[in-house]
Amino acid sequence: MTGVPASAAGGSGTKPVRGGKLGTAAVNQASLWNIANILTMVRLLLVPGFVMLLLHNGGYDPAWRSFAWAAFAIAMITDLFDGHLARTYNLVTDFGKIADPIADKAIMGAALICLSYLGDLPWWVTGVILFREIGITLMRFWVIRHAVIPASRGGKMKTLAQGTAVGMYVLALTGPLATLRFWVMAVAVVLTVVTGLDYVRQAVVLRRKGLAAERAAAADRASGVSASAGASDSAEAER
């Protein structure tokens, strides 16, 4: 992509020495940047394809739902790979920061809404999960000026449980497996609510600490200005 600085694209930003060769790290970083972001874009493009596959032929054809499950599984796998590549090889970009969470929520939201539309999943389950995901995203922006809320172990377990449960609902399962997916979804809902409340607690604490630090810094600046003004007045009086 032209017009993008090397540092923004995950490269080192240094120019190659004439007659020499690019370092292995610089070459790898440039290529891996493309891979990480391409995987994110693939996940975004999979969303409409997944919806069409799931709803094809009325949405109850086991074969088409198997194809939809495959698209959903690919989306979940690419979510693991692009994040891993970006963190491991320092390929975090502004595009990735914005597109990655959008892609995650788009594929999950599309699956939940379609399953509820087909009558396979209660609408209140879809509502709880989507409300939590959208709410936490907005809360991250609310406190981002003060600190970043880190991903917790519970949050990762929630993501795994949601992906497993939704994947099982996408498949046309019957018998014991259909019962099992109910309990997996129940665990996912519980983790969704519990981790959501924990994120709210973290956000409130971080915002309070951030505001306190800002007030302390403002007070320090004010005291410094006052001390400087007092010293200036004393110097003028001695003249």
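Scroll up for the structure.
All of these numbers come straight from a predicted model, not from anything done at the bench.

Caption draft 1: Summary view of the side chain of N37. Summarising the element assignment, N37 is placed in helix α1 (residues 24-55). Using a relative accessible area of 4% as the deciding quantity, one classes N37 as buried. Dropping the residues within four chain positions of it, N37 is found in contact with T93, F95 and G96.

Caption draft 2: Local environment of the packing of helix α3 (residues 94-117) against helix α4 (residues 123-143). In the contact formed by α3 and α4, the axes pass within 9 Å of each other and the chain directions differ by 160°. Considering their axes alone, α3 and α4 lie roughly antiparallel with respect to each other. Handedness of the α3/α4 crossing: left-handed. Only W123, T126, I129, L130, E133 and T137 of α4 make contact with α3, whose side of the interface consists of K105, G109, L112, I113, S116 and Y117. Taken together, the residues of the contact of α3 with α4 sort by class into 6 nonpolar, 4 polar and 2 charged.

Caption draft 3: Inspection of the pattern of salt bridges at higher detail. The full count for this structure, using the stated rule, is 7 salt bridges. R43 serves as the salt-bridge partner of D104, at 2.9 Å between the closest nitrogen and oxygen. Here D104 is found in helix α3, whereas its partner R43 is found in helix α1, with 61 residues between them in sequence. Of the charged contacts in the structure, one is a salt bridge between E133 and R132, with a shortest N-O distance of 3.4 Å. Residue classification places E133 among the buried residues on the basis of a relative accessible area of 10%. Given a relative accessible area of 8%, R132 falls into the buried group. Salt bridges sharing partners connect three or more residues here, namely R43, D79, D100 and D104.

Basis of the calculations
- The residue numbering used here restarts from 1 in each chain and proceeds along that chain's sequence as written.
- Only residues with pLDDT of at least 70 are given local features in this predicted model, and only at 80 or more are side-chain atom pairs given and counted; all residues enter the totals for whole chains, interfaces and linings.
- For side-chain calculations, the full set of non-hydrogen atoms in the structure is used, while hydrogens and water are omitted.
- Only DSSP runs of H or I covering at least 4 residues are called helices, and only runs of E covering at least 2 are called strands; the numbering of each starts at the N terminus.
- Here's how the labels work: a residue is buried when its accessible area is under 20% of the maximum for its type, exposed when over 50%, partly exposed in between, all with a 1.4 Å probe on protein chains only.
- The criterion used for residue contact is that any of the two residues' heavy atoms lie within 4.5 Å.
- To obtain an axis, a line is fitted to C-alpha atoms, over the contacting stretch when the element is a helix, and the angle between two such axes runs from 0 to 180 degrees between their N-to-C directions.
- By definition in this entry, angles of less than 35 degrees are roughly parallel, angles greater than 145 are roughly antiparallel, angles of 65 to 115 are roughly perpendicular, and the rest are oblique.
- By definition, any crossing whose near helix is turned counterclockwise from its far helix by less than a right angle is left-handed, and any crossing with a clockwise turn is right-handed.
- Throughout, the ten residues Ala, Val, Leu, Ile, Met, Phe, Trp, Tyr, Cys and Pro are labelled nonpolar, Asp, Glu, Lys and Arg are labelled charged, and all others, Gly among them, are labelled polar.
- A carboxyl oxygen of Asp or Glu within 4 Å of a side-chain nitrogen of Lys or Arg is what we treat as a salt bridge.

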